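Remarks on the overall topology
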Amino acid sequence: MSKRFYITTAIDYLNGQPHLGHAYEKIIADVIARSRRSLGEEAFFLTGLDEHGQKVQQAAQAEKKNPQEYCDALAADWRAFAKKLELTNDDFVRTTEPRHKEFVQAILSKLHAAGQFYTATYTGFYSAKEETFLTEKDRRPDGTFDPSYGEVVELKEDNYYFKLQAHQAWLIDYLEKNPAFVQPDYRRNEVLGFLKNHTLEDLCISRPVARLNWGIPLPFDPNFVTYVWFDALVNYISVPAAHGDETVLCAPQGSKLRIQKSQLSLWPADLHVIGKDILKFHAVYWPIMLKAMGLPLPKQILVHGWWQKDGAKISKSTGNLVDPVAVINEWGLDAFRFYVLRELNIGPDGNWTDAGFRARYQAELANGLGNLVNRSLSMLKRYRNGVVPARSNELAADAEKIIAETRALLAANQLQAALLAIWSLVNRANQYVDQTAPFRLAKDPAQAPRLDEVLYNLAETCRVLAVLLWPFLPGTATKIYAQLGLSGAPDQFSSAAWGQLQSGQPIGEPAPLFPRKDD
Ligand code: MSP
């Protein structure tokens, strides 16, 4: 059985509704998964929800629900959101599922038996109101804590710790020898800088049940639950285990786990797509956890930046939000998918503005791609009764060059650059219409052969574009195919090769892809 390209996203905290940041990350992963499939690889795309922890417990309490009921209701919204984005995920993990919880416990048992954990007493300042420990950084200049924390008391708490420190030198060496492990480069340098300048503190992996009960019980001590990362990160391997992946099933030897019949080969992951705020957990804690389990490391961690709106932090409390569902309902899913990937390269932070969104919609989608497809196919309908003329290769070299560029950029997960390459073909073809002026050729019967050539080049360019666009704008790509009279989805990159549109074939009905919105 051959190993699949395995791509994951962060699993989102289930304490509210999805926003732009969550949508962005999932769309990145979806485009990469679709690209790999289009390029002929088998891919497995995993996303899901991180459902345990204090915030969820508190949110459930606020709604007077038990946490599981609360999670079940909200998880339905998040699954619907994944559908709304037309994500092609192959599984959707919820950390409250038995398949995940049992695997986490099996791993914890193994690491405990191997002496990777120890107990220690932590002393710190605790806010009962926020149910959190505060650090020196939380103090105000006068040394007091903000009144919003309520009464702050010094608390002593026993907990379990995972030995991280022992692996610090190994990890530095690994990151130095594997420059592709964390991308972009500046994120890798950030991790290396951190590791070289700090002594790693061991990782607290538990919380006493008395303080937090919404978690996975430690199998070797019922007074504790696992805390956050030992639960959440393990989703990346608990799901492969559930699908019968032999590599990860070697980790928790001897335990009984529920395994589906599928028997997929997934681990090591090819790509973890995450935001910059959780880099340390993925590039420091996770590799060390895997090493302790005796598992190979993921091949790459791809780190994206954060969106702001109108230059300020996205925040529920200030109402500075972008509601992806509202944008999609008004402008269409593909306009949303296009904007987030075209506007922001994977790496730096970005800024959403409604004006910027409209400007790209108008210029690049409506006037660029939409206008090209609509006028090309309308002219073919009007001047040739919608029947594709004989093959002509005038734009073939331009198209082939851009097909090769796009292929290389997709293989390198350079999504914004791939969109730029694709739009250079859109622009080239629009320029070709202006240069060849088919509407003038149509008035002169002597120019009929020339008009045939022009119309073929335009229709074939539209077809090529549909194939190149498929990972990004699947709905639009499928519409272009249907308007060309082709059935199915343009989901195989190999069919982008020039000249596959058959002469004599009738096209379908042209219709605007991106209706103009005049306001
Ligand atoms: N549950 C943890 C992740 C566990 S992964 C094993 C978590 N959840 S989260 O809901 O807070 O964030 C989920 C993802 O969304 C993270 O990768 C985070 O970086 C991303 N984003 C959250 N807000 C964002 C923006 N404003 N912009 C871009 N991405 C952002 O962390």
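Going by the structure above, here's the rest.
What comes next is a walk through the structure. (Residues numbered from 1 in each chain as written. Predicted model: local features only at pLDDT ≥ 70, side-chain atom pairs only at ≥ 80, totals over all residues. Heavy atoms only, no water.)

Focus: the sheet that holds strand E10 (residues 206–208)
One open sheet accounts for three strands, arranged E10-E12-E11; its pairing is antiparallel. Looking at which strands have only one partner, the edges of the open sheet turn out to be E10 and strand E11 (217–218). Note that E10 and strand E12 (residues 221–226) share three bridges and pair antiparallel. Residue pairing across strands places Pro208 opposite Phe224, the latter belonging to E12. (Pairing = 2+ DSSP bridges. Helix = DSSP H or I, 4+ residues; strand = E, 2+ residues; numbered from the N terminus.)

Focus on the packing of helix H4 (residues 98–113) against helix H8 (residues 235–242)
Between H4 and H8, whose axes approach to 9 Å, the crossing angle comes to 110°. As far as their axial angle goes, H8 and H4 are roughly perpendicular. Seen from above, H4 lies across H8 with right-handed handedness. Contacts between H4 and H8 involve Arg99, His100 and Phe103 on the former and, on the latter, Asn235, Ile237, Ser238, Val239, Ala241 and Ala242. Partitioning the contact of H4 with H8 into residue classes produces five nonpolar, three polar and one charged. (Axes fitted to C-alpha atoms, helices over the stretch in contact; angles between N-to-C directions. Parallel < 35°, antiparallel > 145°, perpendicular 65-115°, else oblique. Left-handed = near helix turned anticlockwise from the far one by under 90°. Contact = heavy atoms within 4.5 Å. Nonpolar A, V, L, I, M, F, W, Y, C, P; charged D, E, K, R; others polar.)

Considerations on the site of the ligand
Around the ligand sit 24 residues, and of these Ile11, Glu25, Asp50, Asp277 and Trp307 come closest. Take Tyr13: an N or O atom from its main chain is 3.1 Å from an oxygen atom of the ligand. Gly275 places a main-chain nitrogen or oxygen 2.9 Å from an oxygen atom of the ligand. Expressed as a share of its isolated accessible area of 660 Å², the protein-covered part of the ligand is 94%. Sorting the residues of the shell around the ligand by element identifies strand E2 (12–13), helix H1 (20–38), helix H7 (229–232), H8 and strand E13 (271–275) as the ones contributing at least two each. If you tally residues by element for the shell around the ligand, the top one is H1, at three residues. Grouping the constituent residues of the shell around the ligand by class yields twelve nonpolar, eight polar and four charged. (Near = heavy atom within 4 Å. Polar contact = N/O pair within 3.5 Å; in protein donor to acceptor, adjacent residues only side chain to side chain. Areas by Shrake-Rupley, 256 points an atom, 1.4 Å probe, with all protein chains shown as cover.)

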